[in-house]
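A look at the structure
Here is what each chain is made of, one letter per residue.
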Amino acid sequence: MTEVELAQACAEAMYARDQATQGLGIRLLEAGPGQACLRMPVRADMIQGHGTCHGGFLFALADSAFAFACNSYDQASVALGCSIDYLAPALRDDVLTARASEVSRKGRTGLYHVRIENQRGELVAMFHGKSYKVRGTVLAQETQDD
(Lines give C-alpha, C1' and ligand atoms only; values in the text may rest on other atoms or scores of the structure.)
Protein backbone atom coordinates (compact mmCIF):
# COMPACT_ATOMS: atom_id res chain seq x y z
CA MET A 1 0.00 0.00 0.00
CA THR A 2 1.43 3.42 -0.97
CA GLU A 3 1.53 6.37 1.44
CA VAL A 4 -1.35 7.99 -0.43
CA GLU A 5 -3.45 4.81 -0.30
CA LEU A 6 -2.70 4.44 3.42
CA ALA A 7 -3.74 8.03 4.11
CA GLN A 8 -6.97 7.54 2.15
CA ALA A 9 -7.75 4.28 3.97
CA CYS A 10 -7.16 5.94 7.34
CA ALA A 11 -9.37 8.90 6.41
CA GLU A 12 -12.18 6.67 5.18
CA ALA A 13 -12.02 4.52 8.33
CA MET A 14 -12.05 7.57 10.61
CA TYR A 15 -14.84 9.27 8.68
CA ALA A 16 -17.02 6.15 8.91
CA ARG A 17 -16.73 6.28 12.74
CA ASP A 18 -16.94 10.09 13.08
CA GLN A 19 -20.58 10.85 13.82
CA ALA A 20 -19.80 14.41 14.94
CA THR A 21 -18.20 15.36 11.63
CA GLN A 22 -20.93 13.65 9.63
CA GLY A 23 -23.65 15.27 11.78
CA LEU A 24 -22.36 18.73 10.90
CA GLY A 25 -22.70 17.92 7.20
CA ILE A 26 -18.93 17.87 6.71
CA ARG A 27 -17.72 15.80 3.76
CA LEU A 28 -14.27 14.37 3.27
CA LEU A 29 -12.99 15.46 -0.14
CA GLU A 30 -9.33 14.40 -0.16
CA ALA A 31 -6.71 12.82 2.05
CA GLY A 32 -2.99 12.33 1.64
CA PRO A 33 0.07 11.96 3.85
CA GLY A 34 -0.16 14.82 6.34
CA GLN A 35 -3.02 16.45 4.44
CA ALA A 36 -6.79 16.51 4.28
CA CYS A 37 -9.51 18.57 2.63
CA LEU A 38 -13.05 18.77 3.99
CA ARG A 39 -16.13 20.78 3.02
CA MET A 40 -19.06 22.06 5.08
CA PRO A 41 -22.15 24.04 4.06
CA VAL A 42 -23.18 26.75 6.53
CA ARG A 43 -26.74 25.85 7.57
CA ALA A 44 -29.37 28.06 9.21
CA ASP A 45 -28.87 26.27 12.55
CA MET A 46 -25.18 27.34 12.54
CA ILE A 47 -25.95 31.07 12.54
CA GLN A 48 -25.42 32.99 15.78
CA GLY A 49 -26.97 36.26 17.05
CA HIS A 50 -24.93 38.52 14.78
CA GLY A 51 -26.09 36.72 11.63
CA THR A 52 -22.84 34.89 10.91
CA CYS A 53 -21.65 31.32 11.38
CA HIS A 54 -20.84 30.55 15.02
CA GLY A 55 -17.09 30.25 15.53
CA GLY A 56 -17.53 26.86 17.18
CA PHE A 57 -18.65 25.37 13.87
CA LEU A 58 -15.62 26.86 12.09
CA PHE A 59 -13.40 25.41 14.80
CA ALA A 60 -15.08 22.00 14.46
CA LEU A 61 -14.54 22.00 10.68
CA ALA A 62 -10.86 22.89 11.08
CA ASP A 63 -10.39 20.43 13.94
CA SER A 64 -11.79 17.62 11.81
CA ALA A 65 -9.46 18.46 8.91
CA PHE A 66 -6.56 18.55 11.40
CA ALA A 67 -7.57 15.13 12.78
CA PHE A 68 -7.67 13.52 9.34
CA ALA A 69 -4.28 15.02 8.42
CA CYS A 70 -2.43 14.03 11.59
CA ASN A 71 -3.86 10.48 11.56
CA SER A 72 -2.95 9.86 7.92
CA TYR A 73 0.05 7.67 8.75
CA ASP A 74 -2.02 5.03 10.62
CA GLN A 75 -0.53 6.17 13.91
CA ALA A 76 -3.27 7.25 16.30
CA SER A 77 -2.83 10.92 17.17
CA VAL A 78 -4.83 13.39 19.23
CA ALA A 79 -4.76 17.15 19.66
CA LEU A 80 -2.21 18.43 22.14
CA GLY A 81 -3.23 22.04 21.56
CA CYS A 82 -4.85 24.21 18.95
CA SER A 83 -5.92 27.75 18.22
CA ILE A 84 -7.89 29.56 15.58
CA ASP A 85 -7.88 33.06 14.13
CA TYR A 86 -11.20 34.24 12.69
CA LEU A 87 -10.46 36.52 9.75
CA ALA A 88 -13.78 37.05 7.97
CA PRO A 89 -17.40 36.09 8.63
CA ALA A 90 -18.98 33.00 7.13
CA LEU A 91 -22.62 33.48 6.17
CA ARG A 92 -25.65 31.25 5.80
CA ASP A 93 -25.41 29.14 2.62
CA ASP A 94 -21.65 29.68 2.30
CA VAL A 95 -19.75 26.52 1.46
CA LEU A 96 -16.54 26.31 3.47
CA THR A 97 -13.48 24.28 2.54
CA ALA A 98 -10.85 23.39 5.14
CA ARG A 99 -7.42 22.35 3.88
CA ALA A 100 -5.09 20.88 6.48
CA SER A 101 -1.38 20.60 5.82
CA GLU A 102 1.49 19.27 7.85
CA VAL A 103 4.18 21.74 8.80
CA SER A 104 6.35 19.42 10.90
CA ARG A 105 6.22 15.87 12.31
CA LYS A 106 9.00 14.65 14.57
CA GLY A 107 8.96 12.13 17.39
CA ARG A 108 5.50 12.04 18.97
CA THR A 109 4.36 15.52 17.92
CA GLY A 110 3.29 17.24 14.74
CA LEU A 111 2.33 20.76 13.73
CA TYR A 112 -0.49 21.42 11.26
CA HIS A 113 -2.11 24.46 9.69
CA VAL A 114 -5.68 24.52 8.40
CA ARG A 115 -7.01 27.19 6.03
CA ILE A 116 -10.77 27.69 5.87
CA GLU A 117 -12.00 29.44 2.75
CA ASN A 118 -15.48 30.18 1.45
CA GLN A 119 -16.75 29.31 -2.04
CA ARG A 120 -15.23 32.54 -3.39
CA GLY A 121 -11.75 31.55 -2.17
CA GLU A 122 -11.81 34.18 0.61
CA LEU A 123 -9.88 33.25 3.73
CA VAL A 124 -12.31 32.92 6.64
CA ALA A 125 -10.08 31.42 9.36
CA MET A 126 -6.65 29.96 10.09
CA PHE A 127 -6.31 27.09 12.55
CA HIS A 128 -3.06 25.88 14.08
CA GLY A 129 -2.91 22.45 15.70
CA LYS A 130 -0.30 20.42 17.51
CA SER A 131 -0.77 16.65 17.50
CA TYR A 132 0.48 14.00 19.90
CA LYS A 133 0.97 10.38 18.87
CA VAL A 134 -0.68 7.92 21.26
CA ARG A 135 -0.77 4.13 21.30
CA GLY A 136 -2.57 2.29 18.57
CA THR A 137 -3.39 2.70 14.94
CA VAL A 138 -6.32 4.09 13.01
CA LEU A 139 -6.99 0.98 10.92
CA ALA A 140 -6.61 -1.52 13.80
CA GLN A 141 -9.31 0.40 15.68
CA GLU A 142 -11.63 -0.24 12.74
CA THR A 143 -11.37 -4.00 13.24
CA GLN A 144 -11.75 -3.67 17.02
CA ASP A 145 -14.99 -1.71 16.56
CA ASP A 146 -16.54 -4.22 14.12
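Structure first, text after, so check above.
Everything numeric here is computed off the predicted structure, so don't read it as measured data.

**Thoughts on the sheet that holds strand β6 (residues 123-133)**
Taken in spatial order, the 6 strands make up an open sheet running β1-β2-β4-β5-β6-β3, and their pairing is antiparallel. The sheet is open, and its two borders are formed by β1 (27-32) and β3 (77-86), each paired with just one other strand. Ignoring which end each strand starts from, the neighbouring axes of this sheet average 20° apart. Where β3 lies against β6, 9 bridges are found, and the strand directions are antiparallel. Among the inter-strand pairings, Ser77 is bridged to a residue of β6, identified as Lys133.

**Thoughts on the nonpolar core**
In terms of nonpolar packing, the biggest core is built from 35 residues, with Leu61, Leu96, Val114 and Ile116 touching the most fellow members. Of all elements in the fold, only α1 (3-17), β2 (35-41), α3 (55-70), β4 (95-106), β5 (109-117), β6 and α4 (138-145) reach the threshold of two or more residues within this core. The element that contributes the greatest number of residues to this core is α3, accounting for 8 residues. Setting aside its immediate chain neighbours within four residues, Leu61 contacts Ile26, Leu38, Met40, Leu96, Ala98 and Ile116.

**A word on the environment of Val138**
Considering the arrangement of structural elements, one finds Val138 in helix α4. Classification of Val138 as buried rests on a relative accessible area of 2%. For the pair Val138 and Asn71, spaced 67 residues apart in sequence, the C-alpha separation works out to 7.0 Å. Ignoring any residue separated from it by four or fewer positions in sequence, one finds Val138 in contact with Cys10, Met14, Arg17, Asn71, Asp74 and Ala76.

**Digging into the layout of surface pockets**
As a volume, the largest pocket reaches approximately 330 Å³. Lining the largest pocket we find 18 residues, and of these Met14, Ala67, Asn71, Ser77 and Val78 sit closest to its centre. If you list the elements that add at least two residues to the lining of the largest pocket, you get α1, α2 (19-23), α3, β3 and α4. Considering only residue class, the lining of the largest pocket consists of 9 nonpolar, 6 polar and 3 charged.

**Some points on a nonpolar patch on the surface**
A cluster of nonpolar residues, Val78, Leu80, Tyr132 and Val134, forms a patch on the protein surface that exposes about 310 Å² of accessible area. Within the secondary structure layout, Val134 lies in the loop between β6 and α4.

**Examining the packing of aromatic side chains**
Two aromatic rings, taken as a pair, are described by how far apart their centres are and by the angle between their planes. Considering all chains together, one arrives at 4 aromatic pairs under this definition. For the pair Tyr15 and Phe68, a centre-to-centre distance of 6.4 Å together with 40° between the ring planes defines the contact as tilted. Of this pair, Tyr15 sits in helix α1 while Phe68 sits in helix α3, and the two are 53 residues apart along the sequence. Judged by its relative accessible area of 21%, Tyr15 is partly exposed. Ring geometry for Phe59 against Phe127: centres 5.2 Å apart, planes inclined by 65°, an arrangement best described as edge-to-face. A residue pair is termed long-range when its members are at least 10 positions apart, and Phe59 in helix α3 and Phe127 in strand β6 qualify at 68 residues. Using a relative accessible area of 25% as the deciding quantity, one classes Phe59 as partly exposed.

Calculation criteria
Residues numbered from 1 in each chain as written. Predicted model: local features only at pLDDT ≥ 70, side-chain atom pairs only at ≥ 80, totals over all residues. Heavy atoms only, no water. Pairing = 2+ DSSP bridges. Helix = DSSP H or I, 4+ residues; strand = E, 2+ residues; numbered from the N terminus. Axes fitted to C-alpha atoms, helices over the stretch in contact; angles between N-to-C directions. Core = buried A, V, L, I, M, F, W, Y, C linked by side-chain atoms within 4.5 Å. Buried < 20%, exposed > 50% of the residue type's maximum accessible area, 1.4 Å probe, protein only. Contact = heavy atoms within 4.5 Å. 1 Å grid on protein atoms, 1.4 Å probe; cavity = no way out; pocket = protein on both sides within 12 Å on 5 of 7 lines; lining within 4 Å. Points joined across faces, edges and corners; volume = space filled by probe spheres on them. Nonpolar A, V, L, I, M, F, W, Y, C, P; charged D, E, K, R; others polar. Patch = residues over 30% accessible without salt bridge, like charges linked within 9 Å, V, L, I, M, F, W, Y side chains within 5 Å. Areas by Shrake-Rupley, 256 points an atom, 1.4 Å probe, with all protein chains shown as cover. Salt bridge = Lys/Arg side-chain N within 4 Å of Asp/Glu carboxyl O. Phe/Tyr/Trp six-rings, centres within 6.5 Å; stacked < 30°, edge-to-face > 60°.

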